[in-house]
Amino acid sequence: MFTKILIANRGEIACRVIATAKKMGIATVAVYSDADKEARHVKLADEAVHIGAAPSRESYLQADRIIAACKQTGAQAVHPGYGFLSENEAFAKRVEEEGIVFIGPKHHSIAAMGDKIASKKLANEAQVSTIPGWNDAIESAERAVEIARDIGYPVMIKASAGGGGKGLRVAYNDKEALEGFTSCRNEARNSFGDDRIFIEKFVQEPRHIEIQVLGDSQGNVIYLNERECSIQRRHQKVIEEAPSPFISDATRKAMGEQAVALAKAVNYQSAGTVEFVVGKDQDFYFLEMNTRLQVEHPVTECITGLDLVELMIRVAAGEPLPLTQADVRRDGWAIECRINAEDPFRNFLPSTGRLVRFQPPEESMFQADTTKKLGVRVDTGVYEGGEIPMYYDSMIAKLIVHGQDREDAIHKMRAALNGFVIRGVGSNIPFQAALLAHPRFVAGDFNTGFIAENYSQGFASQDVPHDDPLFLVALAAYMNRRYRARASGISGQLAGHNVKVGEQFVVVVMGHEGRNEHHAVSVTDFQGSSGSSAVSVGGKSYQIGSAATLGQIRVQGQCNGAGFTAQVERGTPRSPLALRISHNGTQIDAIVLSPLGARLHQLMPYKAPPDLSKFLLSPMPGLLVDVAVQPGQAVQAGEKLAVIEAMKMENILFATQDGIVGKVVAGKGESLAVDQVILEFQ
């Protein structure tokens, strides 16, 4: 067994590998860029080596520097995590040639299966069912359009070396094929240093289901059940679960055996994933093989009780697999939500900056601990006060729950999301809450088009309807009364002007453009029950109790005998007097007033925000890589105005209405802040 390994990665996956290495008594070496000097993985590792500037192509993609760091520290093996160099055949080969062990498959397996074009040809030779497409690299955008027409729209344009949604577009017509090919090639060149592109038929209403495989150097290969990964947005997974609510035991067995046969064909030695597209009749087609550990591996760990990172390390050290196919368990149900730094209410634009608050829900399962079953686990590479840099992907954390069945897992996940406090950057938690509450998700009736179909106009606050909106009003009144009760006990108050607690309030829920809702509420303390009150609003009664201390954001308690977790904050951007209440993805800003105060508040005039329609503002921090218009140019709605690169993705800004460009304010190559003016219209 190794005594020291180097993790050639960053973020949560580097922290995850370190956790298992510590459990096994193996010393760890972290590598870091300028942007990650204070990162969590650097703090957790036993040693850390600086390998370059912030952009990944100048640090985490520098194979020479990583190998030099191994030699410098005496690390005997390298774990590549996922992304970066994890599926780079040349890197794996170099590592092997330098006498260092690559904790992953051999370079020839990566060459055969890691390249999407080569893997499809190999699958065809092995008589594995594959999707129709053009499997050779395409030389030009015009040729891509010709091929797309021959295959028949819609088509999927994919980078051969792609992964994580980078270098991937779906085209429904010639225009989209032309633009998609160019964008894919640019993203692939920047992210992977390989701009080969291929095209395949886009199977409509598909399920994305993948099989986890594990092989050793003795020729043993097993499959560890499946993961359901169909909940995707722009081809990036949002929610993953194991097992799938869709496939039968017979389909699971057939897919697993096919995945094993494919892995054996390339002498696969490590953890890997065979991805399938599954049709509505449970017919399945080989999509690709990821020759690495997947982001969503924790859900498989939960239902099997196995530590995949440990098994990867043991296999790399030459040990045989400690179990056979018959030993593989399938206990309970696991769900993973990817918590990303993005603003779902602004079309999921990246959100970077400092984590002013970062308080994950309380964990009852832990990384690398397979003895704890049924509970909550958080895999993260960040901490409160740390930065979310613009140079890498947008993941803040992975939230994983393990339940007795799917219904229990969904219930646990909704409660865990309610208790996940993130401030300073935007997060997609409200969107995750909406997905988990959607009737079709709850019923297991979805495919990869689920998000596009149900949120075609983007995501808005009304897409998260609360099952009991008056509970939010009651909670606002309850918390306000607790604040007043505390204030009334402060000594030294002027006689006759001391704070009175009161029982009658009006909760003003702040609406759009000054259209507020007014709710008359009474709050009465229960005698002899500390922190418990009876709240009446709109003809409904709530008995609410909580031991939460005033000022903390996460509030846990009981309402009418059932437990709840919510988030409560004083002071919002809309009003320093307001309380912001968040629960099950729904958020309200409410001012709690006395009846007289509420009458006076209604007399206050509404101040409209300034009109910014004549400006094109940067919706995110990023690099302005192109300005496509000139002063005086007439543009039509839908026309390209500018391109911003952020978090390894190209984001094209389009005109929302017809107009004439007045002035270009920001120049190509400039680093933009959020809401910075790029250009003005006349």
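Asker: Can you lay out the side chain of Ser394 for me, pointing to particular residues and giving the numbers?
Answerer: With respect to the helices and strands, the residue Ser394 is situated in the loop between strand S21 (387-388) and strand S22 (395-403). Residues in contact with Ser394, not counting those within four places in the same chain, are Ile339, Asn340, Ala341, Glu342 and Met647.

Asker: Quick rundown of the pairing of strand S31 (residues 586-593)? Include the residues and the values.
Answerer: The element S31 is largely enclosed, with a buried count of 7 among its 8 residues. One ladder, built from 4 bridges, connects strand S24 (residues 504-509) with S31; its direction is antiparallel. In the strand pairing of S31, Val509 is matched with Ala590. Linking strand S30 (residues 579-583) to S31, which pair antiparallel, is a turn of 2 residues; within it Asn584 sits at a positive phi near 50 degrees.

Asker: So what's going on with the environment of Ala590? Residues and values would help.
Answerer: Of note, Ala590 is situated in strand S31. In sequence terms Ala590 and Asn516 are 74 residues apart; their C-alpha atoms lie 9.3 Å from each other. For Ala590, the contacting residues outside a window of four places in its chain are Ala476, Val507, Val508, Val509, Ala578 and Leu579.

Asker: An account of the nonpolar core is needed here, citing residue identities and associated values.
Answerer: If you look at the biggest cluster of nonpolar residues, it comprises 40 residues, and the most contacted ones within it are Ile231, Ile239, Ile339, Ile396, Leu399, Ile422 and Leu435. Not counting residues within four places of it along the chain, the set of residues in contact with Ile239 comprises Glu228, Cys229, Ile231, Ile335, Glu336, Cys337, Gln432, Leu435, Leu436 and Phe441.

Asker: Go over the state of the cysteines with me, naming the residues and quoting the values.
Answerer: In the structure shown here, the tally under the stated rule is 0 disulfides. Of all cysteine sulfurs in the structure, the one in Cys15 sits closest to Cys70, which takes part in no disulfide; the separation is 18 Å. Residue class for Cys70 comes out buried when judged on its relative accessible area of 2%. For the unlinked cysteine Cys337, the closest cysteine sulfur is that of Cys229, found at 12 Å.

Asker: Kindly report on the side chain of Arg233, identifying the contributing residues and their values.
Answerer: In this fold, Arg233 is placed in strand S11 (residues 221-233). For Arg233, the contacting residues outside a window of four places in its chain are Val238, Asn347, Phe348 and Ile451.

Asker: Account for the pattern of salt bridges, with residues named and values stated.
Answerer: In this structure the tally under the stated criterion is 46 salt bridges. For Arg10, the salt bridge identified is with Asp36, shortest N-O distance 2.6 Å. Here Asp36 lies in the loop between strand S2 (27-33) and helix H2 (40-44) and Arg10 lies in the loop between strand S1 (4-7) and helix H1 (11-23), a separation of 26 residues in the sequence. Take Arg10 and Asp36: they sit in the same class, and that class is buried. Its salt-bridge partner being Asp445, residue Arg440 comes within 3.7 Å of it at the nearest N-O pair. Classification of Arg440 by relative accessible area gives partly exposed; the value is 24%. In the salt-bridge network here, residues are joined through shared partners; they are Arg16, Lys23, Glu301, Asp307, Glu310, Arg314, Glu319, Arg377 and Asp379.

Asker: Describe H1, with residues and values.
Answerer: For H1, which comprises 13 residues, the first-to-last C-alpha distance of 19 Å matches the rise-based estimate of 18 Å (1.5 Å per residue) to within 8%. Across the 13 residues of H1, 10 count as buried, placing the element largely inside the fold. Of all the positions in H1, only Gly11, Glu12, Ile13, Ala14, Cys15, Arg16, Val17, Ile18, Thr20 and Ala21 are classed as buried. Just beyond H1, the residue with positive phi is Gly25, at close to 75 degrees.

Asker: Can you lay out the packing of aromatic side chains for me, pointing to particular residues and giving the numbers?
Answerer: Scanning the model with the defined rule gives 16 aromatic pairs in all. Measuring from ring centre to ring centre gives 5.1 Å for Phe431 and Phe459, while their planes differ by 75 degrees; the resulting arrangement is edge-to-face. Of this pair, Phe431 sits in helix H13 (residues 429-437) while Phe459 sits in the loop between helix H15 (450-454) and helix H16 (469-488); the two residues are 28 residues apart in sequence, bridging distant segments of the chain. Assigned by exposure class, Phe431 and Phe459 land together as buried. Through pairs of rings, three or more aromatic residues link up here, namely Phe345, Phe348, Phe431, Tyr455 and Phe459. Above the plane of the ring of Trp134 lies Arg143, whose end atom (NZ or CZ) is 5.0 Å from the centre. The ring of Phe441 has Arg406 sitting right over it, with the charged end atom 4.7 Å from the ring centre.

Asker: How would you summarise helix H3 (residues 63-73) if you had to cite specific residues and measurements?
Answerer: Residues of H3 that are buried: Ala63, Ile66, Ile67, Ala69, Cys70 and Thr73. Buried residues of H3, seen end-on, are gathered within an arc of 155 degrees and therefore sit on one face of the element. For H3, exposure combined with an orientation more than 90 degrees from the buried face picks out Lys71 and Gln72. Taken from the residues just after H3, Gly74 is the one with a positive phi, measuring 80 degrees.

Criteria and thresholds
Residues numbered from 1 in each chain as written. Predicted model: local features only at pLDDT ≥ 70, side-chain atom pairs only at ≥ 80, totals over all residues. Heavy atoms only, no water. Helix = DSSP H or I, 4+ residues; strand = E, 2+ residues; numbered from the N terminus. Contact = heavy atoms within 4.5 Å. Buried < 20%, exposed > 50% of the residue type's maximum accessible area, 1.4 Å probe, protein only. Pairing = 2+ DSSP bridges. Core = buried A, V, L, I, M, F, W, Y, C linked by side-chain atoms within 4.5 Å. Disulfide = S-S within 2.5 Å. Salt bridge = Lys/Arg side-chain N within 4 Å of Asp/Glu carboxyl O. Expected span 1.5 Å × (residues − 1). Phe/Tyr/Trp six-rings, centres within 6.5 Å; stacked < 30°, edge-to-face > 60°. Lys NZ or Arg CZ within 6 Å of the ring centre and 35° of its normal. Arc of directions from axis to C-beta.

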